[in-house]
Amino acid sequence: MADSRSSDVIGHNVRAVLDNIRQAALRAGRRPEAVRLIAATKTVSPDSVLSAIAAGVRILGESRLQEALPKIEAIGAHEGLEWHFIGRLQRRKVKSVVGRFRLIHSVDSLDLAAEIDRRAAEAGIVQAVLMEVNIGDEASKGGLAPAAVAEAVAAIKDLPNVSVRGLMAVPPPSTDPEAARPYFRRLRELALSLLPQGLQELSMGMSQDYAVAVEEGATMVRVGTAIFGARHG
Ligand SMILES: *Cc1c(COP(=O)(O)O)cnc(C)c1O
């Protein structure tokens, strides 16, 4: 049984996040509908995810495949519900991800894209993806170097069963949301420079800095903690 009090809290949080997204979009002269909320569900129980769905969330982002599969099963079908894969993706897990997730946010190599293409062809689908960019050039982080993105996108265009829709990034950690702004801006400029190739989606912004990301052009924000509370594990 879902604890009705925590369900109330999640509903309240979802409404607050949606309102903040709306306010940030309006501040930046953007249409609020141009920004989609992705609820990041790692470590979150199916009951809590259902509370978020009841409050209007329609996109769920999972970053751990082994956790996602039983959760997808437990949540079941809901009108308009989409799952996105937002975490680091290993080549050997591609087969389980392709077709099950509407959008893969974390493609960071040609090798990975080629494997997605192969599995998508087997499944008879075109898999939508974002390219993950290491926007802060951090040694510890995955993602393509900003300077390598144009060439990677051009190469992936030749793969018939992969469709690149845009870019994703996680800026260097900071306790100040404003510190992320230059990185968000840089990602947007990179996407704009590649617009002839159809890169319109910008997946950027998490609990701490999603409002800044929306001001800087995010079309998708990935929010976990601000909806579900702090993670334990
Ligand atoms: C966990 C996660 C998020 C959400 O992070 P919060 O700070 O809890 O909002 C966003 N994106 C990715 C890739 C994640 O793994």
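First, a word on what this report is: a plain description of the structure on this page. (Residues numbered from 1 in each chain as written. Predicted model: local features only at pLDDT ≥ 70, side-chain atom pairs only at ≥ 80, totals over all residues. Heavy atoms only, no water.)

## Points about the overall build of the protein
Argument step 1. The secondary structure content of the protein amounts to nine helices and eight strands.
Argument step 2. For the protein, the spread of C-alpha atoms along the principal axes amounts to about 50 × 40 × 30 Å.
Argument step 3. Across the 233 residues of the protein, 49% fall into the buried class.
Argument step 4. Put simply, the protein has 29 plus and 27 minus side-chain charges, and the middle of one group is 1 Å from the middle of the other. (Helix = DSSP H or I, 4+ residues; strand = E, 2+ residues; numbered from the N terminus. Buried < 20%, exposed > 50% of the residue type's maximum accessible area, 1.4 Å probe, protein only. Lys, Arg positive; Asp, Glu negative; His and termini not counted. Charge placed at Lys NZ, Arg CZ, Asp CG, Glu CD.)

## Let's talk about the environment of Arg188
Argument step 1. Relative to the assigned elements, Arg188 resides in helix H7 (residues 181–193).
Argument step 2. Classification of Arg188 by relative accessible area gives partly exposed; the value is 39%.
Argument step 3. Once the C-alpha coordinates of Arg188 and Gly29 are considered, the two residues, 159 residues apart in sequence, prove to be 16 Å apart.
Argument step 4. Excluding residues within four positions of it along the chain, Arg188 makes contact with Leu202, Glu216 and Gly217. (Contact = heavy atoms within 4.5 Å.)

## Observations concerning the site of the ligand
Argument step 1. Close to the ligand lie Ala40, Lys42, Ser63, Ile86, Met206, Ser207, Arg222, Val223, Gly224, Thr225 and Arg231.
Argument step 2. Contact distances for the ligand include 2.9 Å between a nitrogen atom and a side-chain N or O atom of Arg222.
Argument step 3. Burial of the ligand by the surrounding chains reaches 86%, relative to a free accessible area of 390 Å².
Argument step 4. When the residues that make up the shell around the ligand are grouped by side-chain class, the tally is four nonpolar, four polar and three charged. (Near = heavy atom within 4 Å. Polar contact = N/O pair within 3.5 Å; in protein donor to acceptor, adjacent residues only side chain to side chain. Areas by Shrake-Rupley, 256 points an atom, 1.4 Å probe, with all protein chains shown as cover. Nonpolar A, V, L, I, M, F, W, Y, C, P; charged D, E, K, R; others polar.)

## Some points on the nonpolar core
Argument step 1. If you look at the biggest cluster of nonpolar residues, it comprises 66 residues, and the most contacted ones within it are Ile116, Met131, Leu167, Val221 and Ile227.
Argument step 2. Per-element accounting of this core gives the leading share, six residues, to helix H1 (residues 4–27).
Argument step 3. Look past the residues within four positions of Met131 in its chain and what remains in contact with it is His105, Val107, Leu144, Ala152, Val153, Ile156, Val164, Gly166, Leu167 and Met168.
Argument step 4. The next biggest cluster of nonpolar side chains, apart from the first, holds seven residues, and it includes Ile59, Ala128, Leu130 and Met220. (Core = buried A, V, L, I, M, F, W, Y, C linked by side-chain atoms within 4.5 Å.)

## So, the pairing of strand S3 (residues 82–85)
Argument step 1. Both faces of S3 are covered, namely the face carrying Glu82 and His84 and the face carrying Trp83 and Phe85.
Argument step 2. The sheet contact formed by strand S2 (residues 59–62) and S3 spans four bridges and is parallel. Looking across to S3, one finds that Ile59 is bridged to Glu82.
Argument step 3. Bridge count for S3 against strand S4 (residues 103–107) is two bridges, and the pairing is parallel. Across the sheet, residue His84 finds its bridge partner in S4, namely Leu103. (Pairing = 2+ DSSP bridges.)

## Notes on the side chain of Glu138
Argument step 1. Structurally, the position occupied by Glu138 is in the loop between strand S5 (127–132) and helix H6 (149–156).
Argument step 2. Using a relative accessible area of 16% as the deciding quantity, one classes Glu138 as buried.
Argument step 3. Ignoring sequence-local partners within four residues, the contact set of Glu138 consists of Val170, Pro171, Pro172 and Pro173.

## Here we look at the environment of Ser7
Argument step 1. Looking at the element boundaries, Ser7 is found in helix H1.
Argument step 2. By relative accessible area, which is 25% here, Ser7 ends up partly exposed.

## Looking at the packing of helix H2 (residues 46–54) against helix H3 (residues 65–75)
Argument step 1. One way to put it is that H2 packs onto H3 with a least axis distance of 10 Å and a crossing angle of 55 degrees. Judged on the interaxial angle alone, H3 and H2 are oblique. For H2 against H3, the interelement crossing comes out right-handed. Across from Pro46, Val49, Leu50 and Ile53 in H2, the residues of H3 making contact are Lys71, Ala74 and Ile75.
Argument step 2. Among the residues making up the contact of H2 with H3, the classes are represented as six nonpolar, no polar and one charged. (Axes fitted to C-alpha atoms, helices over the stretch in contact; angles between N-to-C directions. Parallel < 35°, antiparallel > 145°, perpendicular 65-115°, else oblique. Left-handed = near helix turned anticlockwise from the far one by under 90°.)

## Describing H7
Argument step 1. For H7, spanning 13 residues, the distance from its first C-alpha to its last is 18 Å, which sits close to the expected 18 Å at 1.5 Å a residue.
Argument step 2. Within H7, burial applies to Arg181, Phe184, Leu187, Leu190 and Ala191. (Expected span 1.5 Å × (residues − 1).)

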